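Reading the structure
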Amino acid sequence: MESSDSIKNVVLLGSTGSIGTSTIKVVEDLPQHLRLIGLAAGRRLGDLITQAKQFKPQLISISDESLKDQLRSEAPAGVRASCGDEGLIELATLPDADIVLIAIVGTAGLAPALAAIRAGKDIAVASKEILVMAGEIVMREAKTHGVRVLAVDSEHSAIFQCLDDKPATSVRNLWLTASGGPFRQTPKEDFSTIGLEQALKHPSWEMGQKITIDSATLFNKGLEMIEARWLFDIEMPRVKVIVHPQSVIHSMVEFVDGSIISQLSTPDMCLPIQYALTYPERVASERVQTDFAKIATLTFEEPDTEKFPSLNLARKAGIIGGTLPAVLNAANEVAVAAFCERKLSFLGITETVSQTMESHQTKTDPTLEEILEADQWARADATRRIAH
Ligand code: NAD
Ligand code: MG
């Protein structure tokens, strides 16, 4: 649904993070097309206030409830302030909002995503975790309410652009490209010594901490496989992964006649963010420029599933379905947090996820409550394993 004028009213959840600040750049680039009317952040109150002064949104919210009073007193005149889960829901359902971009790390974006859909808003999803956890429910609800679920993840934006509304029956395979992360060329024997600093150095993208670690274990690609499965309604065996270290081809669609269409550009998240926010238009912007002579070579290699068992774990979770993807996702979140606190080794991340998945009794066709229960169960199970 769009407002009567041609400007889209955008709500941005996770405005101070990596995707959030790239979204701010896109809105600055396109003032005739996009207007920010709501912003939510986790704890960075100062940054949120600066954004509120610049854009004068209707409503801002901070997840940390202890910062609520400070937010109220520092918010510019005419900008309402809220907090916590309630604030996120209020933002996601703002009557004037046309589209809600969800860029909160992890699964906290699920409830606001569903609230936005039920309020008739299109959603743009960066938070892949919510599609991994409850993709079937999110897509079903979107269909029921006649709203769009637009991908912000660069691979899924690429596939969406390449598909160009062709039905799933015209697709032979979806090809997700992967940079391979910082340990693509590291021998398996050296994996036991990988530390936090090394894992935080991503070769092609500057991102938040959680997704950067996910890119090092390749769980990011695993999560993206499941995300693609739901976004495009393609069963898991037809979702393939190919390592492409230059990150110029963002992903590809192989059609049933053998033709392959890909989407390319120098890596910059502003591009998929802009496409999701301005869809179905293509709006002019000078921000992203691609110089093929400079890039010179594009290379491809098979992913090494011995070094990165995360890919097989994700494939298994995607094939079995039910509550298992939520368990994979939750165990991974707990394990990544423990790794970042230096309480778990790099190899321990994948081991923890694998063991938690092994001990889960998967429920098929789960309700949202059952998914949330599985999520909680997996968090507790993974936490216990890490503590031992
Ligand atoms: P980030 O850590 O840089 O930012 C997260 C943002 O969410 C911050 O603004 C933080 O304040 C906010 N936040 C956290 N908890 C919140 C809560 N409960 N309520 C409100 N706000 C909260 O993370 P990021 O790299 O921007 O990633 C965000 C999401 O986008 C992740 O799901 C990630 O997988 C996905 N994604 C990111 C990239 C990228 O290039 N960074 C690419 C594709 C997908
Ligand atoms: Mg991606």
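Provided above is the structure to which this section pertains.
Numbering of residues starts from 1 in every chain and runs along the sequence as written. Chain labels run from A onward and ligand labels from 1 onward, assigned in the order the entries are written. Selection of residues for local features in this predicted model requires a pLDDT of at least 70, selection of side-chain atom pairs for listing and counting requires 80 or more, and totals for whole chains, interfaces and linings are taken over all residues. Note that water and hydrogens are dropped before the side-chain values are worked out from all heavy atoms of the structure.

This paragraph deals with unusual backbone geometry. Here the amide bond leading from Tyr279 into Pro280 is cis, since omega sits at 5 degrees, within 30 degrees of zero. Counting from the N terminus, the helices are DSSP H or I runs at least four residues long and the strands are E runs at least two residues long. Residue position: Pro280 is located in the loop between helix 11 (270-278) and helix 12 (292-295). Despite not being glycine, Asp165 shows a phi value in the positive range, around 70 degrees. Summarising the element assignment, Asp165 is placed in the loop between helix 7 (154-163) and strand 8 (171-178). Residue burial is assigned from relative accessible area. The probe radius is 1.4 Å, only protein chains are included, and a residue is buried under 20% of its type maximum, exposed over 50%, and partly exposed in between. Residue Asp165 is classed as exposed on the basis of its relative accessible area of 66%. Phi angles above zero are rare outside glycine, and Ser247 is one such case at about 50 degrees. Mapped onto the elements, Ser247 comes out in the loop between strand 9 (239-243) and strand 10 (249-255).

Time to look at the nonpolar core. Formed by 88 residues in total, the largest nonpolar core has its most connected members in Leu13, Ile123, Leu328, Phe346 and Ile349. We call two residues contacting when some pair of their heavy atoms lies within 4.5 Å. Beyond its immediate stretch of four places on either side in the chain, Phe346 contacts Phe183, Phe191, Ile194, Ala199, Ala216, Thr217 and Phe339. What we call a nonpolar core is a set of buried Ala, Val, Leu, Ile, Met, Phe, Trp, Tyr and Cys residues that are connected through their side-chain atoms within 4.5 Å. Of all hydrophobic cores here, the second largest spans 40 residues; its members include Ala52, Phe55, Ala81 and Ala124.

Turning next to the coordination of the magnesium ion (ligand 2). Looking at the metal site, the magnesium ion (ligand 2) is ligated by Asp153 (OD), Glu155 (OE) and Glu224 (OE), spaced 2.1 to 2.2 Å from it. If you list the donors of the magnesium ion (ligand 2) from N- to C-terminus, the spacing comes out as D-x1-E-x68-E. The pair Asp153 / Glu155 is uniform in exposure class, with both members buried. Each metal's donors are the N, O and S atoms within 2.8 Å of it, or within 3.2 Å when it is Na, K or Ca, and because water is not part of the set, sites may look incomplete.

Let us now look at the site of ligand 1. Neighbouring residues are identified by heavy atoms, a residue being near a molecule or strand if any of them is within 4 Å of it. Lining the immediate environment of ligand 1, one finds 23 residues, of which Thr16, Ser18, Gly42, Glu129 and Gly208 sit closest. Expressed as a share of its isolated accessible area of 820 Å², the protein-covered part of ligand 1 is 89%. For the shell around ligand 1, the elements supplying multiple residues, two or more each, are helix 1 (18-29) and helix 6 (128-145). We call Asp, Glu, Lys and Arg charged. Ala, Val, Leu, Ile, Met, Phe, Trp, Tyr, Cys and Pro are nonpolar, and the rest, Gly among them, are polar. Per-class residue counts for the shell around ligand 1 are 11 nonpolar, 9 polar and 3 charged. For the accessible areas, the method is Shrake-Rupley and the probe is 1.4 Å, while residue cover comes only from the protein chains on display.

Our focus in this paragraph is the packing of aromatic side chains. Aromatic contacts are taken between Phe, Tyr and Trp rings whose centres are within 6.5 Å, Trp giving its six-membered ring; a plane angle under 30 degrees counts as stacked, one over 60 as edge-to-face, and the others as tilted. Summed over all chains, the structure comprises 8 aromatic pairs. Judged by centre distance (5.8 Å) and plane angle (65 degrees), the rings of Phe339 and Phe346 are edge-to-face. Taking the relative accessible area as the measure of exposure, Phe346 reaches 4% and is therefore buried. Taken together, Phe183, Phe191, Phe308, Phe339 and Phe346 form an aromatic cluster joined through their ring pairs. Put simply, a charge is over a ring when the Lys NZ or the Arg CZ is close to the ring centre, within 6 Å, and near the line of the ring normal, within 35 degrees. Arg229 extends its terminal NZ or CZ atom over the ring of Trp230, reaching a point 4.0 Å from the ring centre.

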